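Results of the structural survey
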Amino acid sequence: MDSASSSSEKGRESAQVYEDIDGIAAAVAAGEISEALVVAEGEERTTWFVWLLVACASISGLLFGYDTGVISGALVTIGGDLGPAELSSGQKELITSSTTLGALLGGLAAGMLSDFLGRRPVMGIADIIFIGGAIGQSLSHTVWAMIGCRFLIGVGVGVAACVAPLYIQELSPTRLRGRMVVVNVVMITGGQVVAYGIDAAFANVHGGWRWMVGLGAVPAAAQAIFLIFLPESPRIMIRRDNLDAAHAVMTKIYAYATPAQVDLKVRTLVAAVKLSVEITNSTTLWQRIRLILSDPINRRALIVGCGMQAFQQLCGFNTLMYYSATLFKEIGFDQPTAVGLIVSGTNFIFTLLALKYIDIIGRRKIMLWSAPGMVVGLVLASIAFHFLTKKTDGNLVDGTQYSTTWSAIVLVAMIFYVASYATGLGNVPWQQGELFGLEVRGIGTSLATTTNWAGNLLIGATYLSLMDRITPAGAFGFYAGLCLLGWLFCIFCFPETAGLSLEEVRLIFRHGFGIKESKRLREEKRALRVGEKRRRKDAAAATREQEQIDSSEKV
């Protein structure tokens, strides 16, 4: 029996032995795991092409991290370059929060725009915005010019934060989907580390802040070039009825699969998204927006997605990214930017830990284990601030000689808090795209991303005022309380999605938030996968036995 005929027979066998591909949509609609989908997922070894694709797309994350992190060092070195001899707290808040406002608007439009134009072109639009904003900042000579350019950068950040994870998820194998999205988060934290490094390098250079903000144009230009060579999401191609192009991309992604296996993957994907495509093609954007709010499955997914993004921002983490240099300077550190680099470095290192374990341990378990660590870190920081600022009536007064012991405890508490954040909350909410069906995925991710930036805007715009009004101890105690509420939300509302395909995830929201349903579906799928492996093993053994019989007959 030659290899060509053997491959052909195996392909026919897969189609005959398992359920008809046309029945997949019915199985999904009935809330069951489709055996054909499990079989199609069988060959999921990834190639350098996939990792290179994810790395190129994750430059968006690098830009996100760099442009949100670089402002921390820039604010303490601008001096009188923008007009006033020193920037006031209000001006610093406007410069910082303008980026967040831009990101809120950019994120709101990005997902819906990517449904219309495709994921890849929208990422290119973000790069153009990044380049213009970075150059504009470096040439600013007034506070309002800086605010305007930071707003422009924010639009780019919002678009990139929404579309890049979405693009990566739709090109990733199920078993590695979480890890590949975390690559984008690693790049966000890496961008923040690079930003702090650039801040430290130019901290003592006259006009160095212009280099800090202007260098953000370099990775944006690089990604704009790389995007020319990247493919569009296969799901977008299928929705546009471009099956040949989708097949070509799937062939590159699953280079180890046989032609029959790739064909099965494409056909199952077409069947799985059939209902989504029909809804998309027969409804308007406004009708789909209403659908995500009126349909119970979509509404529960939206509550989880928006809730997790709100938790990520209301925990107060980004105040450290924006104001860490200012904070550490006030509590007595001689090199506040360098100390801020320690914090961002911790964020980067523990994000790498999440990269390894998010698909192994699962999203839900990581959140349930890491969120209490954030509460502990913030409570410890609150206690340290209380004793640190006793001699200044609970407030931080710049130039005061504070206790080095309590200052060190603040730093240790911040490192512990950041490590807990990076392990879970820094990554998990960005898996948001997997919660939504294809017909509302762009809209859902837009609304969830908008929630993220709305929370970011609220925290960034009130942090300095909160520190003044209720003291640093009160502010960090307040953030600890919000973290506790977020942890309770995870316990009762956040289901596990690891191991389920994008088309299967929506099944868990049929009768509630799906904590138990997710467990049932994952166990059912695991059993089918074990059965499929056993069948392949038995088939291989039978083939070898038949070959031996054929060989002996010839002799």
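In this report, the structure presented in the accompanying data block is examined. In this text the structure is predicted, and so the values were computed from the model without any measurement. (Residues numbered from 1 in each chain as written. Predicted model: local features only at pLDDT ≥ 70, side-chain atom pairs only at ≥ 80, totals over all residues. Heavy atoms only, no water.)

1. Thoughts on the overall build of the protein
In terms of helices and strands, the protein carries 24 helices and zero strands. Per-residue burial over the protein gives 56% buried out of 555 residues. Counting only contacts in the protein whose residues sit at least 6 apart along the sequence, the fraction spanning at least 24 positions is 81%. Looking at the protein as shown, the accessible area adds up to about 22300 Å², and 64% of this sits on carbon and sulfur atoms. (Helix = DSSP H or I, 4+ residues; strand = E, 2+ residues; numbered from the N terminus. Buried < 20%, exposed > 50% of the residue type's maximum accessible area, 1.4 Å probe, protein only. Contact = heavy atoms within 4.5 Å. Areas by Shrake-Rupley, 256 points an atom, 1.4 Å probe, with all protein chains shown as cover.)

2. Concerning the packing of helix 16 (residues 285–294) against helix 17 (residues 296–314)
Between helix 16 and helix 17, the shortest axis-to-axis distance is 5 Å and the interhelical angle comes to 80°. Taken as axis vectors, helix 16 and helix 17 run roughly perpendicular relative to one another. Contact residues: Leu291, Ile292, Leu293 and Ser294 in helix 16; Pro296, Asn298, Arg299 and Leu302 in helix 17. Tallied by class, the residues present in the contact of helix 16 with helix 17 amount to five nonpolar, two polar and one charged. (Axes fitted to C-alpha atoms, helices over the stretch in contact; angles between N-to-C directions. Parallel < 35°, antiparallel > 145°, perpendicular 65-115°, else oblique. Nonpolar A, V, L, I, M, F, W, Y, C, P; charged D, E, K, R; others polar.)

3. Details of helix 5 (residues 59–75)
Relative to the 24 Å expected for 17 residues at 1.5 Å per residue, helix 5 spans 25 Å between its end C-alpha atoms, a close match to the ideal helical length. The element helix 5 is extensively covered by neighbouring structure, given that 16 of its 17 residues are classed as buried. (Expected span 1.5 Å × (residues − 1).)

4. Things to note about the packing of aromatic side chains
Taken as a whole and judged by the stated rule, the model has nine aromatic pairs. Taking 6.1 Å as the distance between ring centres and 85° as the angle between the ring planes, the aromatic pair formed by Phe64 and Trp430 counts as edge-to-face. With a gap of 366 residues between them, Phe64 in helix 5 and Trp430 in the loop between helix 21 (404–423) and helix 22 (438–493) connect regions that are remote in the sequence. Overall, Phe64 belongs to the buried group, its relative accessible area being 9%. (Phe/Tyr/Trp six-rings, centres within 6.5 Å; stacked < 30°, edge-to-face > 60°.)

5. Here's the deal with the pattern of salt bridges
Under the definition given, this model contains eleven salt bridges. Note that Glu170 and Arg119 form a salt bridge whose closest N and O atoms lie 2.8 Å from each other. Here Glu170 is found in helix 8 (residues 143–170), whereas its partner Arg119 is found in helix 7 (residues 119–138), with 51 residues between them in sequence. Each member of the pair, Glu170 as well as Arg119, is classed as buried. Salt-bridge contacts for Glu434 lead to Arg177; the nearest nitrogen and oxygen are separated by 2.9 Å. Highlighted residues: Glu434 in the loop between helix 21 and helix 22 and Arg177 in helix 9 (residues 177–202), separated in sequence by 257 residues. Of the two residues, Glu434 and Arg177, neither departs from the other in class, the shared state being buried. Taken together, the shared-partner salt bridges in this structure form one network comprising Asp115, Arg119, Glu170, Arg239 and Arg441. (Salt bridge = Lys/Arg side-chain N within 4 Å of Asp/Glu carboxyl O.)

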